[in-house]
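The lines below spell out each chain.
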Amino acid sequence: MAGDAPLLDVRDLSVSFRSGGRDVPIIENVSFAVCEREILGIVGESGSGKSVTAMAIMRLIDDPGVTLRGSVRFRGQELTTLPQKAFRTIRGREIAMIFQDPMTAFTPVYTVGWQIDEAIRVHERLSKAEARARTVRLLGDMGVPDPERTANRYPHQLSGGLRQRAMIAMALSCNPALLIADEPTTALDVTVQAQILDLLRNLRTDYGSAVMLITHDMGVVAETCDHVMVLYSGRVAERGPAAAIFSQPAHPYTAALLDSIPPLTGPRPTRLPSIAGAPPAPLERPPGCAFAPRCHYAHAACDILPPLVRCAEQEVACVLPGEGKALPPRMTERVEA
Amino acid sequence: MLKSLLQRLGQTVFVLFGISVMVFLVFFATPGADPTARIAGKNASPATIAKVRQEYGFDRPLPVQYATMMKKLFITQDLTSYANRGEKVVPEIIKAAPVTLSLATGGAVIWVVVSILMGTVAAAFRGTWVDRTLMAIGLVGVSIPVFWLGQVANLITQARYHDTWLFSWVPPLGYVPFSESPVGWFKALLISWCTLSVLFIGVYARVLRSDLVTVSGEDFMRTARAKGLSPSRVLLVHGLRTSMITFVSLFGMDFAQLIGGGALLTEVVFGLQGVGRLTYQALSSLDLPFIMASVMYSAVFVVLANALVDVVYLFLDPRVRDGR
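Residues numbered from 1 in each chain as written. Chains lettered and ligands numbered in written order. Predicted model: local features only at pLDDT ≥ 70, side-chain atom pairs only at ≥ 80, totals over all residues. Heavy atoms only, no water.

- Within an unreviewed UniProt entry, the label attached to chain B reads ABC transporter permease subunit, and the organism entered is Acetobacter conturbans.
- Comment text from UniProt for chain B, heading Sequence similarities (unreviewed entry), reads "Belongs to the binding-protein-dependent transport system permease family." (UniProt positions renumbered as here; feature names shortened; annotations may be inferred.)

- Chain A is annotated in an unreviewed UniProt entry as ATP-binding cassette domain-containing protein from Acetobacter conturbans.
- Comment text from UniProt for chain A, heading Sequence similarities (unreviewed entry), reads "Belongs to the ABC transporter superfamily."
- Under the heading Subcellular location (unreviewed entry), UniProt records this for chain A: "Cell inner membrane".

Structure below.
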């Protein structure tokens, strides 16, 4: 295998649900790659298809009305056609996932430690005691105080932050090469959020894991990610290195998202700029650029679906750079991690 | 945990006391009806009436009457029937209890095992013909009246096909005590167990299936799958275990009411002298002491079964343990 081949290579991934006798596309031709030890942020509003992308990669959507097209290669191995049984050895072991709401993500009737032991023992031949020893060590690594006692507690007895730490410990229990984190901090309060993000950022050095961080919060991306992919209404709006996108967004949607972050210095704006309107429902998605109805720069050329084109360091699905009218670099100061 | 157990026990005693007071008031302190005349029987001589009134303390205040009645029920156990003078009520019920207990327990074993199987398989094959067939069978089971099913079962096993190899082992209707012959006990009750459990299998399988389907949409089921567990482990270890909570509470209620005499129809059809049948006879002859005793008996079982369910809850659901 080539040394610089990406860890996860997603090409033209499309997911559609069958509804009322027609296929409703949820995500369309999403392509991206995650390299070893890289943190990729996937950003978008609710309903932009972030979670569906993650679930499709993990093949956790088993609704019979769903069709999945495209290719997902993990270390060169095609995942979309892998039999379920073979896929199970990848789930949890090679690609692990943590979810948005740590309150409901643990089975309520078993202790947290039991559930982490289970995750370890399903993939590795270890005795109960060995598994528990690793569980306790992992919980300790995740900054859980008194890990031995915590392992014997039930999910409802732990705070949200502790549960999310336990969740991450469970996800890391088999040293996965890739961790998919689906809005891991959304349900937590701000201080805990910062701690969890720290934890995720250190994973690549401590565990050698790449992270796919799904979020709707540009601030979280700025603090954490190397690369960013912006999804809008199930399509890629822009993707590229985080630094480039933050300093010079090429898609009006990305620019608008960045404008909605409150500045850290300078005078406080009385009102943050917001994007008027709402993203279109999958059924009413326009054939051209999906963002056009809300875009200040929309014109006739936007009626045709713009392909992803290279623009400076990133790729963008917008006609503006091709017309020589690229957006100006952002005037506001860079958000430093 | 011990504290919640003790608490529960205290509640049980309190509830039993409340029920006994209510039952007593309903049957013996109803205004305008003199229980003495009813207990003494039709055309009783004034001397008998006076004797009964004195014996039961009906000439004394209500609390004393209540205490006398409870003493006769639980301590001296010499409450006598009104329909058959001289027949002691409490020993009759104690004699009938093992019959009902055997019937309900055997039936419960069958319905729990079969309904868990049916519900789980149906949920695992949700939306396929397996699911639809099992649920249709369940619906049929719910809809069949138990007395009709019992009669048909009797017709087949006792008469029509009794002489074939399939049913020649079936003994004549009636009960064989377990202490006398365990095999005979089993044979005598097997057909009635199956008949009794059909209704419950239908109900429980459907309830369990829908619980499992609901639970399969929960976040923790997705987590379990994302861990790389096999579908059967996800369904059984994470789904079924969590769904058992509703199942157990339903079971507690149904089992208790069966033990308390709710299996009346099955007992009548299969000629079993159980508590249900006894209560039925007492009611049809308006045998007050008997009714009082059997109502108290079933109340005790319903309350005890509920207490037991609560204890099982403590084990099943850690959230209950912390009183949250």
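Still more ground to cover, so stick around.
**As for helix α4 (residues 128-141) of chain A**
Residues and elements named next belong to chain A.
Here comes step 1: With 14 residues, α4 ought to run about 20 Å at 1.5 Å a step, and its terminal C-alpha atoms sit 20 Å apart, in line with that.
Here comes step 2: Every buried residue belonging to α4 is among Ala 131, Arg 134, Thr 135, Val 136, Leu 138 and Leu 139, and all of these are buried.
Here comes step 3: Buried positions along α4 lie against α3 (112-123), α5 (147-151) and α6 (160-172).
Here comes step 4: At the C-terminal side of α4, Gly 143 shows a positive phi close to 80 degrees. (Helix = DSSP H or I, 4+ residues; strand = E, 2+ residues; numbered from the N terminus. Expected span 1.5 Å × (residues − 1). Buried < 20%, exposed > 50% of the residue type's maximum accessible area, 1.4 Å probe, protein only. Contact = heavy atoms within 4.5 Å.)

**Things to note about the interface of chain B and chain A**
Here comes step 1: With 23 residues of chain B in contact, the opposing surface of chain A contributes 29 residues.
Here comes step 2: Contact with chain A buries area across many residues of chain B, yet Arg 222, Arg 225 and Lys 227 of chain B alone supply 27% of it, more than any other trio.
Here comes step 3: The interface formed by chain B and chain A contains 2 salt bridges.
Here comes step 4: A salt bridge links Arg 233 of chain B to Glu 118 of chain A; the nearest nitrogen and oxygen atoms lie 2.7 Å apart.
Here comes step 5: The tally of links from chain B across to chain A stands at 12 residue pairs in polar contact (both at pLDDT 80 or more).
Here comes step 6: If you list the elements that add at least two residues to the side of chain B that touches chain A, you get α9 (219-226), α10 (231-262) and α14 (318-321) of chain B.
Here comes step 7: Of all the elements, α10 of chain B adds the most residues to the side of chain B that touches chain A, at 7 residues.
Here comes step 8: In terms of residue class, the side of chain B that touches chain A is made up of 8 nonpolar, 5 polar and 10 charged. (Buried area = accessible area lost by both parts, 1.4 Å probe. Salt bridge = Lys/Arg side-chain N within 4 Å of Asp/Glu carboxyl O. Polar contact = N/O pair within 3.5 Å; in protein donor to acceptor, adjacent residues only side chain to side chain. Nonpolar A, V, L, I, M, F, W, Y, C, P; charged D, E, K, R; others polar.)

**What to know about the packing of helix α6 (residues 129-143) of chain B against helix α8 (residues 182-216) of chain B**
Residues and elements named next belong to chain B.
Here comes step 1: For the pair α6 and α8, interaxial distance at closest approach is 7 Å and the crossing angle is 140 degrees. Judged by the angle between their axes, α6 and α8 are oblique. Helix-helix and strand crossings are classified by hand; for α6 and α8 the assignment is left-handed. Contact residues: Asp 131, Met 135, Gly 138, Leu 139, Gly 141 and Val 142 in α6; Val 198, Leu 199, Gly 202, Val 203, Ala 205, Arg 206 and Arg 209 in α8. (Axes fitted to C-alpha atoms, helices over the stretch in contact; angles between N-to-C directions. Parallel < 35°, antiparallel > 145°, perpendicular 65-115°, else oblique. Left-handed = near helix turned anticlockwise from the far one by under 90°.)

**As for the UniProt feature "transmembrane region" (unreviewed entry) in chain B**
Residues and elements named next belong to chain B.
Here comes step 1: The sites that carry the UniProt feature "transmembrane region" (unreviewed entry) are, in the present numbering, residues 12-30, 108-127, 134-156, 185-205, 245-270 and 290-316.
Here comes step 2: Here residues 108-127 is 85% helix and 0% strand, with 28 Å between the C-alpha atoms at its ends.
Here comes step 3: Helix and strand shares over residues 185-205 are 100% and 0% respectively, and the end C-alpha atoms of the span are 28 Å apart.

**Considering the packing of α6 of chain A against helix α7 (residues 190-206) of chain A**
Two packed helices can be described by the angle between their axes and the distance between those axes.
All names here are of chain A.
Here comes step 1: Two elements in contact, α6 and α7, have axes separated by 10 Å at closest approach and are oriented at 15 degrees. If you check the angle between α6 and α7, you find them roughly parallel. Where α6 crosses over α7, the two elements pack in a sense that is right-handed. For the pair α6 and α7, the contacting residues are Gly 161, Gln 164, Arg 165, Ile 168 and Leu 172 in the first and Val 192, Gln 195, Ile 196, Leu 199, Leu 200 and Leu 203 in the second.
Here comes step 2: Considered class by class, the residues forming the contact of α6 with α7 number 7 nonpolar, 3 polar and 1 charged.

**A closer look at the sheet that holds strand β5 (residues 77-78) of chain A**
Residue and element names in this part refer to chain A.
Here comes step 1: Strand order in the open sheet made by the 4 strands is β2-β1-β4-β5, with antiparallel pairing throughout. For this open sheet the edge positions go to β2 (22-34) and β5, each flanked by a neighbour on one side alone.
Here comes step 2: Alignment of strand β1 (residues 8-19) against strand β4 (residues 66-74), held across 8 bridges, turns out to be antiparallel. Along β4, the bridge assignment pairs Val 15 with Leu 68.
Here comes step 3: The strands that helix α1 (residues 50-58) touches are β1, β2 and β4; relative to β1, the one it contacts most, it runs at about 105 degrees. (Pairing = 2+ DSSP bridges.)

**Description of the side chain of His 123 of chain A**
Here comes step 1: Here His 123 of chain A shows up in helix α3.
Here comes step 2: At 2.7 Å, the side chain of His 123 of chain A and the backbone oxygen of Lys 227 of chain B are in polar contact.
Here comes step 3: Beyond its immediate stretch of four places on either side in the chain, His 123 of chain A contacts Arg 88, Thr 89, Arg 91, Gly 92, Arg 93 and Cys 174 of chain A together with Lys 227 and Gly 228 of chain B.

**Side note on the UniProt feature "domain: ABC transmembrane type-1" (unreviewed entry) in chain B**
Here comes step 1: Those residues carrying the UniProt feature "domain: ABC transmembrane type-1" (unreviewed entry) are residues 97-313 of chain B in this numbering.
Here comes step 2: Across residues 97-313 of chain B, helical content stands at 81% and strand content at 0%; the span's end C-alpha atoms are separated by 27 Å.

**Considering the pattern of salt bridges**
Residue and element names in this part refer to chain A.
Here comes step 1: A complete count under the given rule lists 22 salt bridges over all chains for this structure.
Here comes step 2: Between Arg 137 and Asp 141 there is a salt bridge, and its shortest N-O distance comes to 3.9 Å. Pair noted here: Arg 137 and Asp 141 are both in helix α4, with a separation of 4 residues, about one helical turn.
Here comes step 3: Through salt bridges with shared partners, a single network forms among Glu 28, Arg 235 and Arg 285.

**As for the sheet that holds strand β12 (residues 314-316) of chain A**
Residues and elements named next belong to chain A.
Here comes step 1: An order of β6-β7-β8-β3-β9-β10-β12-β11 is seen for the 8 strands of this open sheet, with the pairing classed as mixed. Of all the strands in the sheet, the pair left with one neighbour each is β6 (95-98) and β11 (309-311). Taken over all neighbouring pairs, the strand axes of this sheet differ in orientation by 20 degrees on average, direction set aside.
Here comes step 2: Where strand β3 (residues 39-43) meets strand β9 (residues 227-232), 4 bridges bridge the pair, whose relative direction is parallel. In the sheet register, Ile 42 faces β9, and the bridge partner there is Met 229.
Here comes step 3: Where α7 meets the sheet, it contacts β3, β6, β7 (178-182) and β8 (210-215), and its direction lies at approximately 150 degrees from that of β8.
Here comes step 4: Across the face of the sheet, helix α10 (residues 252-259) comes into contact with β3, β9 and β10 (235-241) while running at roughly 105 degrees to β9.

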